[in-house]
Structures are given as C-alpha cells and as structure tokens.
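Residues per chain are reported as follows:
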Amino acid sequence: MDVLPGAWRRTAAGAGLLSPDGRVAPTIFAEMSAAAARTESVNLGQGFPDEDGPAAVLEAARDAIAQGANQYPPGRGIPDLLAAISEHQRRFYGLDVDPDTEILVTAGATEALTATLLALIDGPDDEVVVFEPYYDSYAAAVALAGARLRTVPLRRPDFQPDLDELAAVVGERTRLILVNDPHNPTGAVFTPEVQAELVRLATLHDAVIVTDEVYEHLSFHSPHVPIATLPGAAERTLTISSAGKTFSTTGWKIGWVHGPAALITAVLTVKQFLTYVNGSAFQPAIAVGLRLPDAYFHDAAATMQHKHRLLGDALRAAGFDVFAPQGGYFTVADATALGGADAAAFCRALPERVGVAAIPISAFVTPENQQPYAGLVRLAACKRVEVLEEAGRRLSGLR
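Definitions and cut-offs
- Residues numbered from 1 in each chain as written.
- Predicted model: local features only at pLDDT ≥ 70, side-chain atom pairs only at ≥ 80, totals over all residues.
- Heavy atoms only, no water.
- UniProt positions renumbered as here; feature names shortened; annotations may be inferred.
- Helix = DSSP H or I, 4+ residues; strand = E, 2+ residues; numbered from the N terminus.
- Expected span 1.5 Å × (residues − 1).
- Buried < 20%, exposed > 50% of the residue type's maximum accessible area, 1.4 Å probe, protein only.
- Contact = heavy atoms within 4.5 Å.
- Polar contact = N/O pair within 3.5 Å; in protein donor to acceptor, adjacent residues only side chain to side chain.
- Pairing = 2+ DSSP bridges.
- Axes fitted to C-alpha atoms, helices over the stretch in contact; angles between N-to-C directions.
- Salt bridge = Lys/Arg side-chain N within 4 Å of Asp/Glu carboxyl O.

An unreviewed UniProt entry lists the protein under the name Aminotransferase class I/II-fold pyridoxal phosphate-dependent enzyme, with Microbacterium commune given as the organism. Here is the UniProt Cofactor (unreviewed entry) comment for the protein, exactly as written: "pyridoxal 5'-phosphate".

As structure tokens, this is what we get:
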C-alpha cells in the first residue's frame, strides 16, 4: 500500500528523502550510529557531546522541576528566558530585541527553521537558497514547505561561496536565503564580504534572510558576527539559535528565533500547531546559562578548538588531508589518499576496518552535485579528549 501522498512523494523524492524503491530513506546518521554500536566503534559520526554541560545549568533544571515547572509554559516562552535571550543578544552583539514581541522559544533550532519555512513559503514557485553542503534537515524542511531548493556550492579549501555564483542563484523567486554560520558540516565562518553580499542580494530581491547560528559561541578565530547586525539586515532577518551546542544539552531541545515582530508572529502561528510549547523545566535553566560569565563562553570555544587540533593531528598522521575548521563541532577531511575517493563506501567500511564511525559529506549534498565532495568525510570533535585519542589510535591502522 502506498502510504505517502503524491505531493509529499514528489517533494521528498526531489530532496533525496526517498530511497530508489520509493521508501522513506533512513538517514546516514542512523546507519552509521547503528554500525558503530554493532562494531563497538568510536562514534565520531553524530554531533552530540559526551559530557554534560555546566553544573549551574543542570542544577537550575532540577530546581525548576522541584518547584513545579512541569506544565505548559507560555506559548512564546517563559518571560525569564525571553528576557535572557534579549540580554544575550545585546551583551554579545549590541542587538536590541524586544522580548515580548520579537522572540519565540522553540523545540530546538530545527523546529524554529521548519516553522519559519512553513510560515513564510507561499507556494511551489518560491525558492529557498542554501549553501551546499548543508545540514540535512534543510532539504527536508524545504520539501515540507513545498518550495524549490536552490544551492550555492562551498568549495575547498576554505569553503567560502563564489560571490558571482551566489548572485546568479538569488533572484526574483527567492523567498528565503538560509545561512548557517559557523557552518555545518564544513566548519567555515563566512567572511564579511560574503555577509555583505547576502544582505545586498536579499534587499535587492526583497528576500528574507534566515540564519542558523547554533555554533555562535564556537567560533575559534574571531567573535561571531550575526548578519542581523549588518546595516539594513535586521528588518529582513530571522536569527535562529539554540542551547544544545553552547551548553552541551542537545537532548533538551531548547531553541529560539528572533526578528521583526510580524515575522515572529507568523512563525508562532505555525509553531503552535507543531509542538505547541516545549521544555517547561529546561527553559529557566537555559536562562541561567545565557547569563553565565564571559569566561564560560570563551573557555567553551577554546576547549572545542583544542579538541579539533587533537583530531586533526590524528587524521593527518593517518593519511587524511585535513581542512581545519573555523568553528563548530566538525572537522572535514579528504580520504582519497587512503582509498576513500568514494567517501560513502569508505565510511560504511570504516567501523569494520578500524572501529571508527564517520559521515560522508555526500550526505549533505544534492544528488546531482556529489562529485566535488566525493572523497570528503565529516568527523565530530565534540567528544572527550580520551575518546578522540582512542579514535586517533584506531585511525592509525589505516596507514
């Protein structure tokens, strides 16, 4: 029996969400994690930390449960978290955000993104521009919204877009430009020239900029610069972030989106029919986290950069060509010299060969654009130092 409606089948197939026989395709993340468990491999595939976040944040969640924060919170989020997000944006970026009308708390950044697309896409003629490789939920959310996905390639070694190619893709049908910075999976941080061109093109074509900034506090070489801080950008930008990466609480699923009040109201209209509300006891805890001293945020970035260096050194010693990230959780490496010109096949064999799991960059690329990324793999550095060291020992077996 065909259980998928025709419209969803067409959009899902176009986004690469169906297997060749028409079934809903399992994600490469689930496949690699299952292989890691089966082979007792070090799992550097999925991007979640294996250490808990700051004690003050965890304790605040326990206190909130004990004090009865166990029922539905307000639809936009609890007032203290809304205030903390507003304070955070002013403290780090000089942005003035009204906590009552310009912020919405969501079930992680993924819901914020999906609700935004569902709210702002008008129909199949609308286009959403993304940078490729892209986080895998982007194509799924665009398909759900019924829009057309347009991609702009990020090419090695620095994974910055060509501005002429960007200008050629953004046009009169562009409804949204989706920007992930720092970028997953490449670890790139976009240059000021790229950011300025994004604002220019969005203004020229009256498009909305949607930014995914979940790695905002994991930028290694310079402070993160939200696009909303650029001249002329705030009135057409929806800024998305979350607590999971900053505070090592990925399972709590506390995210947020802020921007012009009218756009936030539109997103709320959709969000209330998705999860309605979420994370009642976790919201006050994340408010505590956002108010931690500057030293916490500085140390988090420094620690993650150190882990990337450990992982990068191990990969180079094993024979990979490594692209050092500028931010985020992930290191990208080229496995071609190790017989990994087909990175998907290489990653599927890796757990059995040496007991390490990784993800091919091809999982983040549309089917027609695979070739430039064919030998690239993504590995998560957000693990304990001893786990990364063990992964390095195992990877040395590839030599």
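So that's the structure; there's more coming.
*Asks:* Looking at this model, I keep getting lost on the environment of A324. Mind explaining?
*Replies:* As for its placement among the helices and strands, A324 is situated in the loop between strand 10 (321-323) and strand 11 (330-334). As a C-alpha pair, A324 and L311 span 13 residues in sequence and 9.8 Å in three-dimensional space.

*Asks:* Please clarify how helix 8 (residues 192-204) should be interpreted in this entry.
*Replies:* Because an α-helix completes one turn every 3.6 residues, residues spaced three or four positions apart along the sequence face the same direction. With 13 residues, helix 8 extends 18 Å between its outermost C-alpha atoms, agreeing within 8% with the 18 Å of an ideal straight helix rising 1.5 Å per residue. Buried within helix 8 we find V194, Q195, E197, L198, V199, L201 and A202. Elements in contact with the buried residues of helix 8: strand 3 (127-132), strand 5 (160-161), helix 7 (163-169), strand 6 (174-180) and strand 7 (208-212). D206 sits one or two residues past helix 8 and shows a positive phi near 55°.

*Asks:* It is not clear to me how the UniProt feature "domain: Aminotransferase class I/classII large" (unreviewed entry) in the protein should be interpreted in this structure. Could you clarify?
*Replies:* This chain's UniProt record puts "domain: Aminotransferase class I/classII large" (unreviewed entry) on residues 41-381. Secondary structure content for residues 41-381 is 38% helix and 18% strand, while the C-alpha to C-alpha distance between its ends is 15 Å.

*Asks:* Sorry if this is basic, but what is going on with the side chain of S280 here?
*Replies:* Position of S280 relative to the elements: it lies in the loop between helix 10 (261-271) and helix 11 (282-290). You can call S280 buried: its relative accessible area is 15%. There is a polar contact of 3.1 Å between the side chain of S280 and the backbone oxygen of A69. Within the local environment of S280, its side chain forms a polar contact with the backbone oxygen of Q71, the two atoms lying 2.9 Å apart. With near-sequence residues (within four places) excluded, S280 lies in contact with A69, N70, Q71 and P73.

*Asks:* I would appreciate a short explanation of the sheet that holds strand 7 in the present structure.
*Replies:* Where strands meet in a sheet, backbone hydrogen bonds hold them as pairs that are either parallel or antiparallel. The sheet built from eight strands is open, its strands ordered 2-9-8-7-6-3-4-5 with mixed pairing. Two strands lie at the open edges of the sheet, namely strand 2 (103-106) and strand 5, each paired on one side alone. Note that strand 8 (residues 237-242) and strand 9 (residues 255-258) share four bridges and pair antiparallel. Residue pairing for strand 9: S241 is matched across the bridge by W256. In the packing of helix 5 (residues 108-120) onto the sheet, contacts are made with strand 2, strand 3, strand 6, strand 7, strand 8 and strand 9, and the angle to strand 8 comes to roughly 155°. Most of the contacts of helix 10 go to strand 2, to which it runs at about 25°, and overall it touches strand 2, strand 7, strand 8 and strand 9.

*Asks:* What is the right way to look at the pairing of strand 11 in this model?
*Replies:* In the case of a regular strand, side chains alternate between the two sheet surfaces. Of all five residues in strand 11, five are buried; the element is thus mostly enclosed. With burial as the criterion, each face of strand 11 is covered, one bearing F330, V332 and D334 and the other bearing T331 and A333. Pairing between strand 10 and strand 11: three bridges, direction antiparallel. Each bridged residue has a counterpart across the sheet, and for V322 the counterpart in strand 11 is A333. Joining the antiparallel neighbours strand 10 and strand 11 is a turn of six residues, in which G328 adopts a positive phi near 90°.

*Asks:* What am I meant to see in unusual backbone geometry here?
*Replies:* With the exception of glycine, most residues fall at negative phi, and the peptide bonds are largely trans. Residue P157 is reached from R156 by a cis peptide bond, and omega for that bond is 5°. Mapped onto the fold, P157 is located in the loop between strand 4 (148-155) and strand 5. With an omega of -10°, the peptide bond between D181 and P182 qualifies as cis. Relative to the assigned elements, P182 resides in the loop between strand 6 and helix 8. The backbone of F159 sits at a positive phi, close to 55°, despite the residue not being glycine. Mapped onto the elements of the fold, F159 is located in the loop between strand 4 and strand 5. For F159, a relative accessible area of 3% corresponds to the buried category. Notably, K253 is not glycine yet its phi reads approximately 55°, a positive angle. On the basis of relative accessibility, which here comes to 38%, the residue K253 falls in the partly exposed class.

*Asks:* What should I look at first to understand the environment of H221 in this one?
*Replies:* Within the secondary structure, H221 is located in the loop between strand 7 and strand 8. Owing to a relative accessible area of 58%, H221 belongs among the exposed residues under this scheme. In the structure, H221 is positioned 80 residues away from A301 in sequence and 9.4 Å away in space, judged by C-alpha atoms. In this structure, H221 is in contact with Q305, P325 and Q326, ignoring residues within four places of it in sequence.

*Asks:* Mind showing me how you'd approach the pattern of salt bridges here?
*Replies:* As a working rule, side chains carrying opposite charge can pair if their charged atoms are close by. The tally for this structure, following the rule as stated, stands at 19 salt bridges. The shortest N-O distance in the salt bridge between K271 and E111 comes to 3.0 Å. With K271 in helix 10 and E111 in helix 5, this residue pair connects regions lying 160 residues apart in the sequence. Judged by relative accessible area, E111 falls into the buried class, the value being 8%. For E390, the salt bridge goes to R393, with nearest N and O atoms at 2.9 Å. Of this pair, E390 and R393 are both found in helix 14 (residues 385-395), three residues apart, which corresponds to roughly one turn of the helix. The network of salt bridges with shared partners includes D50, R384 and E386.

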